[in-house]
Structure formats: structure tokens, C-alpha cells
Amino acid sequence: MNSNSEHKRREDWLIATMFLAGSVCFTLAFFSQMIEEPFALACMVLITALCEVLSVRLYFDGRVSVSFVGSLLSTILFGPIGGVLAAAAVAMTGFFTASRNPRKLVFNFGHATTAAAVAGWTLSYFGATGTEWDLRQPVSALAGGIAGAGILFSIDAWSVSAIISVTSGRSVRAAYRENFAWLLPHYLVLGLVAGGLAVVYGELGIAAILVLGLPLLLSRYAIAQFVERTRENVMR
């Protein structure tokens with residue numbers, strides 16, 4: 001009983017600390033820059049939220065979603081403020097469409113907005129944010145995509161590993177190694193995708209991103225069909 005109470009107390013402290021960090025980063029992001037293209041930013045946040053709405057539920061509590069690309073692309077294009085808005089949209093959307101767990105919402109908001117803000121500030125420091133990307137010189141955007149993906153993934157993965165460690169009693173490193181380490185190459189590739197989309201945005205604007213989002217919707221349908229067919233075969 002005492003052990004369970006201690007785990008619960010540590011979990012509460014971790015969730016509260018993460019939420020506080022995310023709230024501070026979310027607020028500071030609005031003081032670090034001005035919103036120069038509000039319509040395009042709003043479109044990107046909505047697209048990212050839509051990607052989360054259309055995520056496919058797997059066999060247990062896992063989900064497949066491409067909202068990571070939307071969050072990273074918002075960060076590359078609009079800096080910290082774009083990143084935190086997209087991250088907050090994903091957390092809220094996940095709450096209303098999946099978990100309905102207030103504690104999970106608070107924790108997800110905290111680590112997602114912290115990761116987005118840190119990625120945005122880092123990319124801004126190195127001049128890897130903005131909407132004026134040139135198709136003839138895409139290297140900076142692609143490099144920024146990989147770097148931003150690494151930052152987003154690392155903070156998110158280690159944060160979730162910490163909460164797993166608290167609730168399960170395993171070490172943080174073991175939780176990370178078992179659940180997230182193998183996913184790093186996948187998310188770095190998604191970073192390249194986000195960097196490429198940033199270049200497309202620089203040349204063609206938000207309309208091109210909306211058009212290129214259609215294949216993602218089709219891929220979501222294909223994934224859902226595959227998962228459902230597999231579930232039916234398992235249930236036989």
C-alpha cells in the first residue's frame with residue numbers, strides 16, 4: 001500500500017512538473033516572436049489537429065498518426081509559437097478523440113509544448129525557421145527538419161519513458177530502450193519529410209501543403225483497413 005502511494009505521489013509530481021514546464025514554454029513562445037502569417041499558421045494547426053483526429057488505433061493503447069510531421073513543419077515555418085500551438089492542438093485533440101483522461105492531457109500538453117518550444121528556439125537560433133525557403137537551396141530546411149525531429153522525439157520519448165519508469169518501477173533508460181529507441185530513425189525520416197514540405201511551402205504557399213495532405217488521408221484509410229483486417233483474422 002505504501003509502495004503504491006509513493007508511486008502515485010511521484011507520478012503526480014512528474015505530471016505537475018511537466019505541465020508547469022510546458023505552460024512556461026507555451027507562454028514564453030508568444031513573447032519571443034510575432035505572428036507574421038496568422039492565416040497560414042491557423043491552417044497548419046488545423047491540419048495537424050486533423051492528422052491526430054484521423055490517427056488509427058492499434059491493438060492495445062497505441063495509435064498511428066502523422067501529426068508529428070505537422071507539429072515539426074509548424075515549428076520550422078513559424079518558429080516556437082507555431083510549434084507550441086500545433087503541439088497543444090495535438091494534445092487537446094488526443095484528449096477529445098482518444099483517452100478522455102485529464103491526467104494524460106496535462107502530461108501530454110506539458111512534454112509536447114516543451115519539446116516544440118525547445119525545437120523552435122534552437123532552430124531559430126541557427127536561422128533554420130521561416131517561410132522563405134528556396135527550392136534551389138533546400139539543405140538548410142532538410143537539416144533543420146532532421147535536427148528538429150531529433151529534439152522533438154528526444155524530449156517526448158524521454159518524458160514518456162520517465163512516467164513509465166515511475167509507474168512500472170523500471171529504470172528510465174530501460175523504458176526508453178524498450179519502447180522508443182528503435183523509433184528514432186523513423187522520426188528522423190519524418191523530419192526530412194517536414195523539411196521538404198517547408199521548401200514546398202516556401203515556393204507555393206499553404207495551398208500546396210493542403211494538396212499534399214491528401215495522400216496522407218489516403219494512407220490513413222489504407223492503414224485503417226490493414227489494421228481492421230488483421231484484427232478480424234486474429235478474432236477468428
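From a predicted model like this one, the values you see are computed outputs, not experimental measurements.

Draft legend 1. Quick peek at the packing of aromatic side chains. On inspection of all chains with the given rule, the structure shows 9 aromatic pairs. Arranged with centres 5.8 Å apart and planes meeting at 50 degrees, the rings of Phe26 and Phe109 form a pair that is tilted. Placement of the pair is Phe26 in helix H1 (residues 2-31) and Phe109 in helix H4 (residues 102-125), with a sequence separation of 83 residues. Residue classification places Phe109 among the buried positions, given a relative accessible area of 15%. Between Phe68 and Tyr187, the aromatic rings sit 4.6 Å apart at their centres with planes inclined by 75 degrees, giving edge-to-face as the arrangement. One end of the pair, Phe68, is in helix H3 (residues 67-99); the other, Tyr187, is in helix H7 (residues 184-204), and 119 residues separate them in sequence. Look at Phe68 and you get buried, because its relative accessible area is 12%. The rings of Phe19, Phe26, Phe30 and Phe109 are connected pair by pair, giving a single aromatic cluster.

Draft legend 2. Highlighting the pattern of salt bridges. On inspection of all chains with the given rule, the structure shows 4 salt bridges. In this structure, the salt-bridge partner of Glu11 is Arg103, at a minimum N-O distance of 2.8 Å. In this pair, Glu11 sits in helix H1 while Arg103 sits in helix H4, placing the two residues 92 residues apart along the sequence. Note that Arg170 is salt-bridged to Glu178, the shortest N-O span being 2.2 Å. Under the relative-accessibility criterion, Glu178 is labelled partly exposed at 45%. Among the charged side chains, a network of salt bridges with common partners joins Lys8, Glu11, Asp12 and Arg103.

Draft legend 3. Seen up close, the confidence of the model for the protein. With 86% of its residues at a pLDDT of at least 70, the protein reaches an overall mean of 86. Looking over the protein, one finds the lowest element-wise mean pLDDT in strand E2 (residues 63-64), namely 58, and the highest in H4, namely 95.

Draft legend 4. Spatial organisation of the environment of Leu123. One can find Leu123 in helix H4. Linking Leu123 and Ile151, residues 28 residues apart in sequence, is a C-alpha distance of 10.0 Å. Not counting the four nearest positions on each side in its chain, Leu123 is found in contact with Thr75, Ile76, Ala128, Thr129, Gly144, Ala147 and Gly148.

Reading the values: rules and limits
Residues numbered from 1 in each chain as written. Predicted model: local features only at pLDDT ≥ 70, side-chain atom pairs only at ≥ 80, totals over all residues. Heavy atoms only, no water. Phe/Tyr/Trp six-rings, centres within 6.5 Å; stacked < 30°, edge-to-face > 60°. Helix = DSSP H or I, 4+ residues; strand = E, 2+ residues; numbered from the N terminus. Buried < 20%, exposed > 50% of the residue type's maximum accessible area, 1.4 Å probe, protein only. Salt bridge = Lys/Arg side-chain N within 4 Å of Asp/Glu carboxyl O. pLDDT = per-residue confidence, 0-100. Contact = heavy atoms within 4.5 Å.

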